[in-house]
Amino acid sequence: MSQRRDVSSVDTEDIPSMRKVIGEPSEDLLDRALVGWERFLDTLQGASDE
């Protein structure tokens, strides 16, 4: 029979870190996010007119 191990007891030393350092968002990313947000708000306003 195999020995049962809890997930919390799994050794993670051999697993590379998945964490990435994220800096400031670029102007392009902020512009695209704003356009998407405005598009989303337009869909809400259009739905209330129906």
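Structure: see above.
All of these numbers come straight from a predicted model, not from anything done at the bench. (Residues numbered from 1 in each chain as written. Predicted model: local features only at pLDDT ≥ 70, side-chain atom pairs only at ≥ 80, totals over all residues. Heavy atoms only, no water.)

**Remarks on the overall build of the protein**
Inclusion rule: Elements are defined by DSSP. Helices are runs of H or I of four residues or more, strands are runs of E of two residues or more, and each kind is numbered from the N terminus. The cut-offs for exposure are 20% and 50% of the maximum accessible area for each residue type, with area from a 1.4 Å probe on protein chains only; residues under the lower value are buried, those over the upper are exposed, and the others partly exposed. Exposure was quantified through the Shrake-Rupley algorithm and a 1.4 Å probe, taking into account, for residues, occlusion by the shown protein chains and nothing else.
Helices and strands together make up the secondary structure of the protein, namely one helix and zero strands. Taking all 50 residues of the protein together, the buried fraction comes to 0%. When the accessible surface of the protein is split by element, carbon and sulfur atoms take 54% of a total near 5700 Å².

**A closer look at the packing of aromatic side chains**
As a reminder of what qualifies: Note on aromatic contacts: the rings of Phe and Tyr and the six-membered ring of Trp form a pair at centre separations within 6.5 Å, being stacked when their planes are under 30 degrees apart, edge-to-face when over 60 apart, and tilted otherwise.
Taken as a whole and assessed by the stated rule, the structure comprises one aromatic pair. Ring geometry for Trp37 against Phe40: centres 5.5 Å apart, planes inclined by 35°, an arrangement best described as tilted. In this pair, Trp37 and Phe40 both sit in helix H1 (residues 27-49), three residues apart, roughly one turn of the helix.

**Quick look at the pattern of salt bridges**
What counts here: By salt bridge we mean one thing: a side-chain nitrogen of Lys or Arg within 4 Å of a carboxyl oxygen of Asp or Glu.
Across all of its chains, the model carries one salt bridge by this definition. A salt bridge links Arg32 to Asp28; the shortest N-O distance between them is 3.4 Å. Of the two residues, Arg32 and Asp28 both sit in helix H1, four residues apart, roughly one turn of that helix.

**Thoughts on a nonpolar patch on the surface**
Short version of the rule: Patches were defined on residues exceeding 30% relative accessible area and lacking a salt bridge, with like-charge contacts within 9 Å and nonpolar side-chain contacts (Val, Leu, Ile, Met, Phe, Trp, Tyr) within 5 Å.
On the surface, a nonpolar cluster with roughly 480 Å² of combined accessible area is contributed by Leu34, Trp37, Phe40, Leu41 and Leu44. For Phe40, a relative accessible area of 41% gives the class partly exposed.

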